[in-house]
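Residues per chain, in single letters:
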Amino acid sequence: WGCRQAACSCDVPLFSAVPPSGCDDLIGAIFELGRTLCRLQLSDEELALFTAAVLLSPDRPWLTESKKVQKLQDKIYVALQHEIQKKHSAEDKLSKMVSKLPLMKTICNLHLDKLEFFRLLHPETAMNFPPLYKEVFNSELQYSDPRES
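Conventions and cut-offs
Residues numbered from 1 in each chain as written. Predicted model: local features only at pLDDT ≥ 70, side-chain atom pairs only at ≥ 80, totals over all residues. Heavy atoms only, no water. UniProt positions renumbered as here; feature names shortened; annotations may be inferred. Helix = DSSP H or I, 4+ residues; strand = E, 2+ residues; numbered from the N terminus. Buried < 20%, exposed > 50% of the residue type's maximum accessible area, 1.4 Å probe, protein only. Contact = heavy atoms within 4.5 Å. Areas by Shrake-Rupley, 256 points an atom, 1.4 Å probe, with all protein chains shown as cover. Expected span 1.5 Å × (residues − 1). Arc of directions from axis to C-beta. Core = buried A, V, L, I, M, F, W, Y, C linked by side-chain atoms within 4.5 Å. Axes fitted to C-alpha atoms, helices over the stretch in contact; angles between N-to-C directions. Parallel < 35°, antiparallel > 145°, perpendicular 65-115°, else oblique. Left-handed = near helix turned anticlockwise from the far one by under 90°. Nonpolar A, V, L, I, M, F, W, Y, C, P; charged D, E, K, R; others polar. Salt bridge = Lys/Arg side-chain N within 4 Å of Asp/Glu carboxyl O.

Under an unreviewed UniProt entry, the protein has the name RORB protein and belongs to Haliaeetus albicilla. We quote the UniProt Subcellular location (unreviewed entry) comment for the protein here in full: "Nucleus".

Pasting the structure below:
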């Protein structure tokens, strides 16, 4: 992203020459998120803790122990707040970070929509997605064999 620089250079139109792919909304949302996070100039520690907090989301429908995940996420947010205070960052930095969560949810939903559309158009390719990718998204998408229908 080039975010470690004092002046954020994230406003460069990187994909202006790329032909439309049907994913313009998703790509645009991802780059908007990147630009806004870049402007926050997060340290490596802040970025790592924020990433952990986002990944440990207790609202995922397939979780069986959501209260435990919530407690763990709360601890991560406390550690993140401590890290922000330790660095003497702006007091509203955490709230600015958390305010990006709805955009992240939108990106996730757009991504799932694109994956589902891709799966329907190219089921043979979707069946061959890498194992980690299937593990991460399998609870959201069904990679069933269309020949079984």
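Undergrad: How would you sum up the overall build of the protein? Please name residues and give values.
TA: Looking only at helices and strands, one finds seven helices and zero strands in the protein. Taking all 149 residues of the protein together, the buried fraction comes to 28%. Long-range contacts, defined as pairs at least 24 residues apart, comprise 61% of the intrachain contacts of the protein with a sequence gap of at least 6. Summed over its atoms, the accessible surface of the protein is roughly 10,200 Å², and 61% of this surface lies on carbon and sulfur atoms.

Undergrad: Describe in detail helix 2 (residues 44–55), supporting the description with residues and values.
TA: Here helix 2 spans 16 Å end to end across twelve residues, near enough to the 16 Å set by a 1.5 Å rise per residue. All buried positions along helix 2 are accounted for by Glu-46, Phe-50 and Ala-53. Across the axial projection of helix 2, the buried residues extend over an arc of 60°, all falling on one side. Where the residues of helix 2 are buried, they touch helix 1 (24–39), helix 3 (66–86), helix 4 (93–98) and helix 5 (101–121).

Undergrad: Talk me through the nonpolar core; I want residue IDs and the actual numbers.
TA: Counting 17 residues, the largest nonpolar core has Leu-37, Phe-50, Leu-80 and Met-97 as the members making the most contacts within it. Counting only elements with at least two residues in this core, the list comes to helix 1, helix 2, helix 3, helix 4 and helix 5. Among residues more than four places away in sequence, those in contact with Leu-37 are Leu-42, Phe-50, Lys-100 and Met-104.

Undergrad: Just give me the short version of the packing of helix 2 against helix 3, but keep the residues and values in it.
TA: For the pair helix 2 and helix 3, interaxial distance at closest approach is 9 Å and the crossing angle is 160°. As judged from the angle between their axes, helix 2 and helix 3 are roughly antiparallel. Read as a crossing pair, helix 2 and helix 3 show a hand that is left-handed. Together, Glu-45, Glu-46, Leu-49, Phe-50, Ala-52 and Ala-53 of helix 2 and Gln-73, Ile-76, Tyr-77, Ala-79, Leu-80, Glu-83 and Ile-84 of helix 3 make up the contact between the two elements. Looking at side-chain class alone, the contact of helix 2 with helix 3 contains nine nonpolar, one polar and three charged residues.

Undergrad: Residues and numbers for the pattern of salt bridges, please.
TA: According to the stated counting rule, one finds eight salt bridges in the structure shown. The partner of Asp-25 in a salt bridge is Lys-114, with the nearest N and O atoms 3.3 Å apart. A residue pair is termed long-range when its members are at least 10 positions apart, and Asp-25 in helix 1 and Lys-114 in helix 5 qualify at 89 residues. With a closest N to O distance of 2.8 Å, Lys-93 and Glu-46 form a salt bridge. Placement of the pair is Lys-93 in helix 4 and Glu-46 in helix 2, with a sequence separation of 47 residues. With respect to burial, Lys-93 and Glu-46 carry one shared label: buried.

Undergrad: Explain the environment of Phe-118 residue by residue, including any values.
TA: Mapping Phe-118 onto the fold places it in helix 5. On the basis of relative accessible area, Phe-118 is assigned to the partly exposed category, the value being 29%. When near neighbours in sequence (up to four residues on either side) are disregarded, Phe-118 contacts Pro-123, Thr-125, Ala-126 and Phe-129.

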